[in-house]
There are 2 protein chains.
Amino acid sequence: MVSPDQPWPPGHQELAEILRRDIHAGRLAPGAPIPSDRWLEETYGIGRNTVRAAVTLLRAEGLVVRRHGQATRVRQMPVKQPIDLAGVTRIEVRMPSPDDRDRLRVPDLGVPVFEVHRRPGVVELLPGDRWFVPAPGAS
Amino acid sequence: MVSPDQPWPPGHQELAEILRRDIHAGRLAPGAPIPSDRWLEETYGIGRNTVRAAVTLLRAEGLVVRRHGQATRVRQMPVKQPIDLAGVTRIEVRMPSPDDRDRLRVPDLGVPVFEVHRRPGVVELLPGDRWFVPAPGAS
DNA sequence: GATAATTTGTACGTATGTATA
DNA sequence: TTATACATACGTACAAATTAT
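Residues numbered from 1 in each chain as written. Chains lettered and ligands numbered in written order. Predicted model: local features only at pLDDT ≥ 70, side-chain atom pairs only at ≥ 80, totals over all residues. Heavy atoms only, no water.

Some thoughts on the packing of helix H1 (residues 12-24) of chain A against helix H3 (residues 48-60) of chain A
All names here are of chain A. Inclusion rule: For every element, the axis is a line fit to its C-alpha atoms; helices are fit only across the contacting stretch, and the angle between N-to-C directions ranges from 0 to 180 degrees. A run of H or I in DSSP counts as a helix once it spans at least four residues, and a run of E counts as a strand once it spans at least two, with each numbered from the N terminus. Angles are sorted into four bins: roughly parallel if under 35 degrees, roughly antiparallel if over 145, roughly perpendicular if 65 to 115, and oblique for all others. Crossing handedness: left-handed means the near helix sits turned counterclockwise from the far one by under a right angle, and right-handed means the same turn made clockwise. In what follows, residue pairs with any heavy atoms lying within 4.5 Å of each other are defined as contacts. For this classification, the nonpolar set comprises Ala, Val, Leu, Ile, Met, Phe, Trp, Tyr, Cys and Pro, the charged set comprises Asp, Glu, Lys and Arg, and every other residue, Gly included, is treated as polar.
Orientation of H1 relative to H3, taken along the N-to-C sense of each, is 50 degrees, at an axis distance of 8 Å. Judged on the interaxial angle alone, H3 and H1 are oblique. Crossing hand, H1 versus H3: right-handed. Every residue of H3 that contacts H1 at His 12, Gln 13, Leu 15, Ala 16, Leu 19 and Arg 20 is listed here: Thr 50, Val 51, Ala 53, Ala 54, Leu 57 and Leu 58. Looking at the contact of H1 with H3 residue by residue, the class counts come to eight nonpolar, three polar and one charged.

Here's the deal with the relation of the copies chain A and chain B
Our working rule: Here the copies were fitted onto each other by least squares, based on C-alpha atoms from residues at pLDDT of at least 70 in both.
With an RMSD of 0.1 Å, the fit of chain A onto chain B corresponds to turning through 180 degrees and sliding 0.0 Å along the axis. Seen this way, the second copy is the image of the first under a two-fold rotation axis. Relative to the rotation axis, the C-alpha of Pro 136 of chain A is the closest in chain A, positioned 2.5 Å from it. Taken as a fraction of all interface residues of chain A, those also at the interface in chain B reach 100%, which identifies the copy contact as same-surface.

Quick word on the pairing of strand S7 (residues 131-134) of chain A
Looking along a regular strand, one sees side chains alternate from face to face of the sheet. Keep this limit in mind: Following DSSP output, two strands are said to pair if at least two bridges run between them.
In the sheet, strand S3 (residues 81-82) of chain A pairs with S7 of chain A via two bridges, with the strands oriented parallel. Opposite Gln 81 of chain A, over in S7 of chain A, you have Trp 131 of chain A as the bridge partner. Across two bridges, S7 of chain A lies against strand S4 (residues 88-94) of chain B in antiparallel orientation. Bridge pairing in S4 of chain B links Val 133 of chain A to Ile 91 of chain B.

Description of the nonpolar core
Using the following cut-off: Only buried Ala, Val, Leu, Ile, Met, Phe, Trp, Tyr and Cys residues count toward a nonpolar core, and they belong to the same one when joined by side-chain atoms within 4.5 Å. Type-normalised accessible area, obtained with a 1.4 Å probe on protein chains alone, sets the label of each residue: buried when under 20%, exposed when over 50%, and partly exposed for intermediate values.
Grouped together as the largest cluster of nonpolar side chains are 38 residues, with contacts concentrated most on Leu 15 and Val 64 of chain A together with Leu 15 and Val 64 of chain B. Of all the secondary structure elements, the ones that give two or more residues to this core are H1, helix H2 (37-44) and H3 of chain A together with helix H1 (12-24), helix H2 (37-44) and helix H3 (48-60) of chain B. Not counting the four nearest positions on each side in its chain, Leu 15 of chain B is found in contact with Pro 10, Leu 40, Tyr 44, Ile 46, Val 51 and Ala 54 of chain B. Counting residues in each nonpolar core, the second largest holds 18 residues, with Leu 85, Val 88 and Val 133 of chain A together with Val 88 of chain B among its members.

Considering the domain arrangement of chain A
All names here are of chain A. For clarity, the cut-off: Domains are outlined according to an automatic or database domain assignment. Each of two parts loses accessible area, computed with a 1.4 Å probe, when they are put together; buried area is these two losses added. Think of a salt bridge as a Lys or Arg side-chain nitrogen and an Asp or Glu carboxyl oxygen that are within 4 Å of each other. Identification of polar contacts relies on pairs of N or O atoms within 3.5 Å, with a donor-acceptor requirement for protein atoms, meaning one able to donate a hydrogen and the other able to accept it, and with residues adjacent in sequence counted only if both atoms are side-chain atoms.
Its domain assignment divides chain A into domain 1 (12-74) and domain 2 (81-127). When each unit is reduced to the centre of its C-alpha atoms, the spacing between domain 1 and domain 2 is 28 Å. Each side of the interface is counted separately: domain 1 has five residues, and domain 2 has four residues. Summed over both partners, the interface of domain 1 with domain 2 comes to about 390 Å²; 47% of that surface belongs to carbon and sulfur atoms. If you sort the residues of domain 1 by the area they bury against domain 2, Arg 59, Ala 60 and Arg 67 come out on top, with a joint share of 70%. Connecting domain 1 to domain 2 are one salt bridge. A salt bridge links Asp 108 to Arg 67; the nearest nitrogen and oxygen atoms lie 2.8 Å apart. Scanning the region where domain 1 abuts domain 2 turns up one residue pair in polar contact (both at pLDDT 80 or more). Here the side of domain 1 that touches domain 2 is built from residues that sort into two nonpolar, one polar and two charged.

Topic: the packing of aromatic side chains
The description of an aromatic ring pair rests on the distance of the ring centres and on the angle between the ring planes. Condition: Put simply, two rings from Phe, Tyr or Trp (the six-membered ring, in Trp's case) pair if the centres are within 6.5 Å, and we call them stacked under 30 degrees between planes, edge-to-face over 60, tilted for the rest. Only lysine NZ and arginine CZ atoms are considered, and such an atom sits over a ring when it is within 6 Å of the ring centre and within 35 degrees of the ring normal.
As enumerated under the stated definition, the model contains zero aromatic pairs over all chains in all. The side chain of Arg 90 of chain A reaches across the aromatic face of Phe 132 of chain B, ending 3.7 Å from its centre.

Re the interface of chain A and chain B
Tallying the contact residues gives 28 residues for chain A and 28 residues for chain B. Between chain A and chain B lies a buried interface of about 2,400 Å² when both sides are counted; carbon and sulfur atoms form 67% of it. Considering only the side of chain A, the residues that lose the most area to chain B are Val 93, Met 95 and Pro 136 of chain A, jointly responsible for 22% of the buried surface there. Taken together, the links from chain A to chain B amount to two salt bridges. A salt bridge links Glu 92 of chain B to Lys 80 of chain A; the shortest N-O distance between them is 2.8 Å.

Thoughts on H3 of chain B
All names here are of chain B. Threshold: Any helix carries an expected span of 1.5 Å times its number of residues minus one.
In a regular helix each residue adds 1.5 Å, so 13 residues correspond to 18 Å; H3 covers 18 Å between its end C-alpha atoms and thus fits that length. Three or more residues of H3 are buried, namely Val 51, Ala 54, Val 55, Leu 57, Leu 58 and Ala 60. A positive backbone phi angle near 80 degrees is found at Gly 62, which sits one or two residues after H3.

Let's talk about the side chain of Arg 75 of chain B
Summarising the element assignment, Arg 75 of chain B is placed in the loop between strand S2 (73-74) and strand S3 (81-82). Excluding residues within four positions of it along the chain, Arg 75 of chain B makes contact with Pro 30, Gly 31, Gly 62, Leu 63, Val 64, Val 65, Asp 108, Leu 109, Gly 110, Val 111 and Asp 129 of chain B.

See the structure below:
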């Protein structure tokens, strides 16, 4: 964790950038807990709401996962599987609705979904953190 | 806009669901402004922070776009173009970092990006709201 | 062009509830 | 049971960008 070097307290955008750097640099590894709201408050001398606004940004970017009552953690990327391209007419991508997330068992924000359009008019929804589009020839 | 029928004021999750329904039902059309924070506060009898939490959810879901000083609007989807599959080894999807958004000129949250892996080791980034993966054979 | 009103952005403090360790 | 950590929600204040007058 990077200690505050600057004399003024960070805003929520700045705090988000600090945590982003720590994650990308590996100082906060996948699966590792990030500091608690309270620790960040006291360490950086900022309000709780500011801390939460920062972490909310990181959630939307898919960098961290929050669980009620547990420490917020850096997202762990599962191994991705190739999408079966048989009969595919097109694949789009979008953010899921809460209903979509329930269906797909993806409780977290920040995970886009593939919208796989197949033959008869069937649309399959696949979480973007578990699937990828393979090379067109290699099916 | 749906008026509050229930006697108790909605929480931010409930308000988000109300707005979500209005958007999906077309009562709030793409490009149309949604009610201001202040209007939502007074109409539903809730605090500003609660209103903003609701709209923040919709932002992360890619449903609305906020611009400083302007009304928040329902996102308008541009026409999507097919990704050129020549030399593609795989295509993944993820949320962009703020830097990615700057590069791609995608100022808004809630827009995933395609990570197109091509031959030599080249990775191309394409906004998910402007591109789609076409049928493998139809290139 | 200048001013005022509107709207979103940012940030503080406080309080209480709920899930987990 | 206790402590920790996140979830939700209120109120307040001021800044900044845009729009209307």
